[in-house]
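# Examination of the molecular architecture
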Amino acid sequence: MDVTIQSIHFDADSKLKTFINRKLDKLETFDDNILAADVFLKLDSHHSVKEKVVDIKVNVPGVTLFTSESSKSFEESTDLAVENLRRQLVKRKTKMS
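As a starting point, this report considers the structure included with it. (Residues numbered from 1 in each chain as written. Predicted model: local features only at pLDDT ≥ 70, side-chain atom pairs only at ≥ 80, totals over all residues. Heavy atoms only, no water.)

## Some thoughts on the sheet that holds strand β1 (residues 2-7)
Adjacent strands of a sheet pair through backbone hydrogen bonds, lying either parallel or antiparallel. Stated precisely, the cut-off is as follows: Whether two strands pair comes down to DSSP finding at least two bridges between them. Only DSSP runs of H or I with at least four residues qualify as helices, and only runs of E with at least two residues qualify as strands; both kinds are numbered from the N terminus onward. Axes here refer to lines fitted to C-alpha atoms; in helices the fit is confined to the stretch in contact. Angles between the N-to-C directions go from 0 to 180 degrees. Every residue pair with non-hydrogen atoms within 4.5 Å of one another is taken to be in contact.
Taking strand neighbours across the sheet as the criterion, the 4 strands line up as β1-β2-β3-β4 in an open arrangement whose pairing is mixed. Both outer strands of the open sheet, β1 and β4 (63-71), are each paired with one neighbouring strand and no more. On average, each strand axis in the sheet is tilted by 15° relative to the strand beside it, whichever way the strands run. With 6 bridges connecting them, β1 and strand β2 (residues 36-44) associate as parallel partners. The residue bridging Val-3 from the neighbouring strand is Ala-37, located in β2. Together, β2, β3 (51-60) and β4 form the strand contacts of helix α2 (residues 74-96), whose direction differs from that of β4 by roughly 150°.

Here it is in C-alpha cells:
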C-alpha cells in the first residue's frame, strides 16, 4: 500500500508518521487489495481547544473509502479513523461475498 501523509500548516515529526504507517498497515489484514492511502493532518482551531483532525482516504479497487476524526491528539484521532476504516472494509467485504 502506498501511503501519503500531508500535514497542513505544520510539520509532522517522524514518530507520528511512523505511528500512522503502522496503523494503516494493519488494515491490509482486512483487505489486501488496498492500493493507496492519503492522510491529511490538520489543526482545527475554531473552538477554544485546538482539535487535531485526521482525514484518511483509502483507495480500494472500485471504491474510495473516507473518514475524518478529531480529538485532542493526532494519535487518538488516527486510532479512531483507522477503526472506522476497518469497519468500512469489513462491511464492504461482507457485502461482496
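## Topic: helix α1 (residues 14-25)
Definition in use: The span expected for a helix works out to 1.5 Å for each residue beyond the first. When accessible area is computed with a 1.4 Å probe and restricted to protein chains, residues below 20% of their type maximum are described as buried, those above 50% as exposed, and intermediate ones as partly exposed. This arc is built from the directions going out from the helix axis to the C-beta atoms.
Over its 12 residues, α1 runs 16 Å from end to end, which matches the ideal 16 Å to within 8%, given 1.5 Å per residue. Within the sequence span of α1, burial applies to Leu-16, Phe-19, Ile-20 and Leu-24. Down the axis of α1, the sector holding all buried residues measures 130°, keeping them to one side. Residues Ser-14, Lys-15 and Arg-22 are exposed on α1 and point more than 90 degrees away from its buried face. Elements in contact with the buried residues of α1: β1, β2, β3 and α2.

## Notes on unusual backbone geometry
One non-glycine residue, His-9, lies in positive phi territory at about 65°. Along the chain, His-9 turns up in the loop between β1 and α1. For His-9, a relative accessible area of 82% corresponds to the exposed category.

## Some remarks on the pairing of β3
With 7 of 10 residues buried, β3 is to be regarded as a mostly interior element. Where β3 meets β4, 9 bridges bridge the pair, whose relative direction is antiparallel. What sits directly across from Asn-59, in β4, is Thr-64.

## Points about the pattern of salt bridges
This is how the line gets drawn: By definition here, a salt bridge exists when the distance from a side-chain nitrogen of Lys or Arg to a carboxyl oxygen of Asp or Glu is within 4 Å.
According to the stated counting rule, one finds 6 salt bridges in the structure shown. Among the ionic pairs, Lys-57 bridges to Asp-38, the shortest N-O distance being 3.8 Å. You can see Lys-57 sitting in strand β3 and its partner Asp-38 sitting in strand β2, a full 19 residues away along the chain. Lys-57 sits in the partly exposed class, given a relative accessible area of 31%.

## As for the side chain of Glu-51
Spelled out, the test is: Charge counting follows a simple rule: Lys and Arg are positive, Asp and Glu are negative, and His as well as the terminal groups are ignored. Here a polar contact is recorded for every N or O atom pair within 3.5 Å, except that within protein the pair must consist of a potential hydrogen donor and a potential acceptor, and residues adjacent in sequence are included only if both atoms are side-chain atoms.
Looking at the element boundaries, Glu-51 is found in strand β3. Of the side chains with opposite charge, Lys-72 lies nearest to the buried Glu-51, which makes no salt bridge, at 4.4 Å. Looking at Glu-51, its side chain comes within polar contact range of the main-chain nitrogen of Ser-71, at 3.5 Å. Setting aside residues up to four positions removed in sequence, Glu-51 forms contacts with Lys-42, Leu-43, Asp-44, Ser-70, Ser-71 and Lys-72.

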